[in-house]
Amino acid sequence: ICVFCAVGGVQPQSETVWRQADRYNVPRIAFVNKMDRMGADFNACVAEIREKLKANPVCLQMPIGQAAEFSGVIDLLEMRGMRFDEGSEGRDVSEFEIPEDLKAAAQAARAELCEQAAEADEHLVDTYFENPELSADALRTSLRRSVIAGRLVPVLCGSSLRNKGVQPLLDAV
């Protein structure tokens, strides 16, 4: 698991560790941490992973808000919102319908996820051309193959200090 700061992005020590993982063909998953800090920018961090590390990041989640407004994530595989209860230190997760103002962005992000998964996995290409709206199970199977082969890096987000997004990260591993 490679942890990146939502504010600082890809830092020099991350680049060193990434190159070493490349050398030994270690599959990776990325976690954009500190989404609740001022200056957090999920999309900028994902762009840095692509540019600085020459990786192929694929977002499995998108944040609901950033900095002080960070309140949860949208699971792009299952297309549902997730909130992490502060009282239970994030252990209790509530699922809900994606808010109307985020539906279009979530649908666009899921379409991009499906396209990236199909591009990286020849087993999924035919299915994708028949119906670009891939099932969550088909995506999971394809993503697993592509991650192990080093063609994709799944990206999730949250705030580890408040245990927000940690459970979905562990499930993704």
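Notes on the structure in this doc start here.

About the thresholds
Residues numbered from 1 in each chain as written. Predicted model: local features only at pLDDT ≥ 70, side-chain atom pairs only at ≥ 80, totals over all residues. Heavy atoms only, no water. Buried < 20%, exposed > 50% of the residue type's maximum accessible area, 1.4 Å probe, protein only. Helix = DSSP H or I, 4+ residues; strand = E, 2+ residues; numbered from the N terminus. Pairing = 2+ DSSP bridges. Expected span 1.5 Å × (residues − 1). Contact = heavy atoms within 4.5 Å. Axes fitted to C-alpha atoms, helices over the stretch in contact; angles between N-to-C directions. 1 Å grid on protein atoms, 1.4 Å probe; cavity = no way out; pocket = protein on both sides within 12 Å on 5 of 7 lines; lining within 4 Å. Points joined across faces, edges and corners; volume = space filled by probe spheres on them. Nonpolar A, V, L, I, M, F, W, Y, C, P; charged D, E, K, R; others polar. Parallel < 35°, antiparallel > 145°, perpendicular 65-115°, else oblique.

**Focus on the pairing of strand β8 (residues 153-157)**
The element β8 is largely enclosed, with a buried count of 5 among its 5 residues. Residues of β8 alternate between two faces, with V153, V155 and C157 on one and P154 and L156 on the opposite face, all of them buried. Examined bridge by bridge, strand β2 (residues 30-33) and β8 share 3 bridges and lie parallel to one another. In the sheet register, F31 faces β8, and the bridge partner there is L156. When strand β3 (residues 57-59) meets β8, the two strands line up parallel, connected through 3 bridges. Its bridge partner being in β8, C59 is matched across the sheet by V155.

**Regarding helix α1 (residues 12-23)**
The terminal C-alpha atoms of α1 lie 17 Å apart, and with 12 residues this matches the ideal 16 Å at 1.5 Å per residue to within 8%. In this structure, the buried side of α1 is in contact with β1 (2-5), α2 (42-53) and β8. A positive backbone phi angle near 55 degrees is found at N25, which sits one or two residues after α1.

**Quick notes on the pairing of strand β5 (residues 72-75)**
The alternating pattern of β5 places G72 and I74 and V73 and D75 on opposite faces, both of which are buried. Direction of pairing for strand β4 (residues 61-64) relative to β5: antiparallel, over a ladder of 4 bridges. Bridge pairing in β5 links Q61 to D75. Direction of pairing for β5 relative to strand β6 (residues 80-84): antiparallel, over a ladder of 3 bridges. Considered in β6, the bridge of D75 is made with R80. The loop that links β5 with its antiparallel partner β6 comprises 4 residues; one of these, M79, has a positive phi angle of about 55 degrees.

**Things to note about the sheet that holds β8**
Sheet architecture is open: 4 strands sit in the order β1-β2-β8-β3, paired in parallel fashion. Each having just a single partner strand, β1 and β3 make up the two edges of the open sheet. The mean inter-strand angle of the sheet, taken between neighbouring strand axes irrespective of direction, is 30 degrees.

**Some thoughts on the layout of surface pockets**
Of the voids in this model, the largest pocket is the one considered here, and its volume is about 650 Å³. Forming the boundary of the largest pocket are 23 residues, of which I29, L60, D171, A172 and V173 lie nearest the centre. Of all the elements in the fold, those that place two or more residues in the lining of the largest pocket are β6, α5 (136-148), β8 and α6 (166-172). Sort the elements by how many residues they give to the lining of the largest pocket and α5 lands first, with 5 residues. Partitioned by chemical class, the residues of the lining of the largest pocket number 15 nonpolar, 2 polar and 6 charged. Approximately 220 Å³ is the volume found for the second largest pocket. Around the second largest pocket, the lining comprises 17 residues; the ones closest to its centre are D22, R28, G150, R151 and V153.

**Observations regarding the packing of helix α3 (residues 100-120) against helix α4 (residues 122-130)**
The N-to-C vectors of α3 and α4 enclose an angle of 135 degrees; their axes lie 6 Å apart at closest approach. If you check the angle between α3 and α4, you find them oblique. Between α3 and α4, the residues in contact are C114, E115, A117, A118 and A120 and E122, L124, V125 and Y128, respectively. Split into classes, the residues belonging to the contact of α3 with α4 amount to 7 nonpolar, no polar and 2 charged.

**Focus on unusual backbone geometry**
Look at N25: it is not a glycine, yet its phi comes out positive at around 55 degrees. Here N25 shows up in the loop between α1 and β2.

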